[in-house]
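Now for the letters of each chain:
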Amino acid sequence: MTSYCGAPPHPYDWLGRWNFDPLLLVALAVAAAVAMRSPHPRLALASVAILAVAFVSPLCALTVALFSVRAVHHVLLVAAAAPLAALAFPGRGSRHLGIAFLISTATLWAWHLPSLYDRALDDTAVYWLMQLSLLGTATWFWRELFAAPPVTASMAAILAMAQMGMLGALLTFARTPLYASHAASTLPWGLEQVADQQLAGLVMWVPGVVPYALATALIARRVWIRAAGTA
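The following paragraphs examine the structure supplied in this document. As the structure is a computational prediction, the values presented were derived from the model and not from experiment. (Residues numbered from 1 in each chain as written. Predicted model: local features only at pLDDT ≥ 70, side-chain atom pairs only at ≥ 80, totals over all residues. Heavy atoms only, no water.)

## Describing helix α1 (residues 22–35)
End to end, α1 covers 20 Å across 14 residues, agreeing with the expected 20 Å (1.5 Å per residue, within 8%). Buried within α1 are the following residues: Leu24, Leu28 and Ala35. What you see down the axis of α1 is that its buried residues fit within an arc of 35 degrees, all on one side. Of the exposed residues in α1, those oriented more than 90 degrees away from the buried face are Pro22, Leu23 and Val26. On the buried face of α1, the contacting elements are α2 (41–55) and α7 (124–147). (Helix = DSSP H or I, 4+ residues; strand = E, 2+ residues; numbered from the N terminus. Expected span 1.5 Å × (residues − 1). Buried < 20%, exposed > 50% of the residue type's maximum accessible area, 1.4 Å probe, protein only. Arc of directions from axis to C-beta. Contact = heavy atoms within 4.5 Å.)

This is the structure in structure tokens:
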């Protein structure tokens, strides 16, 4: 099995596994140019930088070997690059927050179904469909959330935090290997597949929910400041 990011690396060679795919580099350069035209270019460039780390750095290759690193990769997309992009290109209003939440959640969960996940690691077109759909639906959700009234936005952030934690918990407590793609790739790293899978669940369950918790706290702080200013 050879995925878009190449064959699973070993501990002695993964640091040299950079991805200099010309089409990817062109896409990132275009994204950086668009970022410079954002009302908040620093936030937009930070989002592009996270994408570069996810797809150009050795992290890309490491996701082929370890499902736990794939979990880090997905968290970077949906809970770091996406909210930064949403802040950089803010929406003018929130009309479809509920739909955006449902679609982004369904997309995240669908790509963690073993059949779809394994297909994505084995087919470049499906791989990019996974990445773009995760990033696109998450960005849509965050734009809707940031443009929503405080109470509605807080509820959406809490629900998003809950679904991420629930997915992480399911992976953490799974007692059997779920993904054929990682059947042997974890062994050179001294991890049984189930242990790697459980570590992936913890990544999504703990650090994966932090951005949503921060969003909830920032919304609450904004409401408090406004209330204090009108008191």
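Here the narrative resumes.
## A few points about empty space enclosed by the protein
Remark: the empty space left among the atoms is shown by a probe the size of a water molecule rolled over them. Considering all chains together, one arrives at one cavity of 30 Å³ or more under this definition. In this structure, the largest cavity encloses a volume near 110 Å³. Looking at the largest cavity, the residues that line it are Val78, Ser104, Thr105, Leu108, Leu134, Thr137, Ala138, Phe141, Trp142, Ala160, Gln163 and Tyr212. When residues of the lining of the largest cavity are traced back to their parent elements, those giving at least two are α5 (97–110), α7 and α8 (150–173). Of all the elements, α7 adds the most residues to the lining of the largest cavity, at five residues. Grouping the amino acids of the lining of the largest cavity by side-chain chemistry returns eight nonpolar, four polar and no charged. (1 Å grid on protein atoms, 1.4 Å probe; cavity = no way out; pocket = protein on both sides within 12 Å on 5 of 7 lines; lining within 4 Å. Points joined across faces, edges and corners; volume = space filled by probe spheres on them. Nonpolar A, V, L, I, M, F, W, Y, C, P; charged D, E, K, R; others polar.)

## Let's talk about the nonpolar core
With 58 residues, the main nonpolar core has Val78, Phe141, Trp142, Leu145 and Tyr212 as its most contacted residues. A per-element tally of this core places helix α4 (residues 67–88) first, with 11 residues. Other than its neighbours up to four places away in sequence, tyrosine 212 contacts Val78, Ala79, Phe141, Trp142, Ala157, Ala160, Met161 and Met164. (Core = buried A, V, L, I, M, F, W, Y, C linked by side-chain atoms within 4.5 Å.)

## Comments concerning the packing of aromatic side chains
Taken as a whole and judged by the stated rule, the model has 14 aromatic pairs. Seen in terms of ring centroids, phenylalanine 55 and tryptophan 128 are 5.0 Å apart; in terms of plane orientation they differ by 35 degrees. Their pairing is tilted. With phenylalanine 55 in helix α2 and tryptophan 128 in helix α7, this residue pair connects regions lying 73 residues apart in the sequence. Of the residues examined, phenylalanine 55 reaches a relative accessible area of 5% and is grouped as buried. Plain terms: the ring middles of tyrosine 117 and tyrosine 179 are 4.7 Å apart, the flat faces sit at 55 degrees to each other, and that makes the pair tilted. Placement of tyrosine 117 in helix α6 (residues 114–122) and of tyrosine 179 in the loop between α8 and α9 (193–205) is noted, with a sequence separation of 62 residues between them. Across the pair, tyrosine 179 and tyrosine 117 agree in class, each one buried. The rings of Phe101, Phe141, Trp142, Phe146 and Tyr212 are connected pair by pair, giving a single aromatic cluster. (Phe/Tyr/Trp six-rings, centres within 6.5 Å; stacked < 30°, edge-to-face > 60°.)

## Some remarks on the state of the cysteines
In protein structure, a disulfide is the covalent linkage between the sulfur atoms of two cysteines. Scanning the model with the defined rule gives one disulfide in all. Put simply, cysteine 5 and cysteine 60 are joined by a disulfide, and their sulfur atoms are 1.8 Å apart. In this structure the cystine formed by cysteine 5 and cysteine 60 twists about its S-S bond by roughly -70 degrees; its chirality is therefore left-handed. Taken together, the residues cysteine 5 in the segment before α1 and cysteine 60 in helix α3 (residues 59–65) connect sequence positions 55 residues apart. (Disulfide = S-S within 2.5 Å.)

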